[in-house]
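Observations on the three-dimensional arrangement
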Amino acid sequence: MPEKSDEVDRIVEAWERERPDLNFAPLQVLSRVGRLTRHLDRARKTAFTRSKLESWEFDVLSALRRAGEPYTLSPKQLLQQTLVSSGTMTNRIDRLVQSGLAERKADPGDGRGILVVMTPTGLTRVDAAITRLVDAESEILASLSPADQQRLASLLRKLSLDFDSAGTGF
């Protein structure tokens, strides 16, 4: 067992004692990923709440923000970036418009189409949220050196690409 052990080490040790016929190596990795996910979820919730945003609002507004000025995308482009159904996206756009975080505008390139444009209030909130989120995520990773963070990112990317290429997604 490592010099410092955590709850996952204790759980795996108990399972190995009780079921020595199984390989518990996946639990060493994925149980920690699950635990870290809970910490990340709390950090995200705090960052979004302090910025007066729900997580779904952040998802849509951040897609608009990443598009660059004039922070405009079609509903189809938003669907592709947020991986929700068209009905869900329509509802989200309606709610963003009602709350003054986005506007609908006619698409000059398509007389029947619309574009979703982020308002200045939406921009202020999404910028505040991403700043808070990056700060919180930096704290979560503070015990790792920059080289360790890059190594971990590379390993997680490799694992994610296996899922993405298989079409299973997350």
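Read on for a plain summary of the structure. (Residues numbered from 1 in each chain as written. Predicted model: local features only at pLDDT ≥ 70, side-chain atom pairs only at ≥ 80, totals over all residues. Heavy atoms only, no water.)

1. Some words on a nonpolar patch on the surface
Put simply, the rule is: Like charges are joined within 9 Å and nonpolar side chains (Val, Leu, Ile, Met, Phe, Trp, Tyr) within 5 Å, but only among residues with over 30% relative accessible area and no salt bridge; these make up the patches. Under the convention used here, a 1.4 Å probe and the Shrake-Rupley method define accessible areas, while residue burial counts only the protein chains that appear. Salt bridges are defined by distance alone: a side-chain nitrogen of Lys or Arg within 4 Å of a carboxyl oxygen of Asp or Glu. Comment: elements are numbered from the N terminus, with helices defined as DSSP H or I runs of at least four residues and strands as E runs of at least two. Note on exposure labels: buried denotes an accessible area under 20% of the residue type's maximum, exposed denotes more than 50%, and partly exposed covers the range between, all computed with a 1.4 Å probe on protein chains only.
On the surface, Val-29, Leu-30, Val-33, Leu-36, Ile-140, Leu-141, Leu-152, Leu-156, Leu-159 and Phe-163 cluster together into a nonpolar patch covering about 780 Å² of accessible area. Listing elements by their share of the nonpolar patch, those giving two or more residues are α2 (25–50) and α7 (146–166). In this fold, Ile-140 is placed in helix α6 (residues 120–140). Ile-140 sits in the partly exposed class, given a relative accessible area of 32%.

2. Quick word on the pattern of salt bridges
Overall, the coordinates contain 10 salt bridges when judged by the stated rule. The salt bridge involving Asp-94 is made with Arg-104; its shortest N-O contact spans 2.3 Å. Pair noted here: Asp-94 is in helix α5 (residues 86–98) and Arg-104 is in strand β2 (residues 102–107), with a separation of 10 residues, a long-range link. Overall, Asp-94 belongs to the partly exposed group, its relative accessible area being 29%. The exposure class of Arg-104 is partly exposed, given its relative accessible area of 35%.

3. Structural notes on the sheet that holds strand β3 (residues 110–118)
Put simply, the rule is: The criterion for strand pairing is that DSSP finds at least two bridges linking the strands in question. Residues are treated as being in contact if the distance between any of their heavy atoms lies within 4.5 Å. An axis is simply a line fitted to the C-alpha atoms; with a helix, the fit covers only the stretch in contact. Between two such axes, the angle follows the N-to-C directions and lies from 0 to 180 degrees.
Taken in spatial order, the three strands line up as β1-β3-β2 in an open sheet, and their pairing is antiparallel. Where the open sheet ends on each side, the last strands, each with one partner, are β1 (72–73) and β2. In this structure, β1 lies alongside β3, joined through two bridges in antiparallel fashion. In the sheet register, Thr-72 faces β3, and the bridge partner there is Val-117. Running over the sheet, helix α3 (residues 55–66) touches β1 and β3 and is turned about 100° from β3.

Keep in mind these values describe shape, not function.
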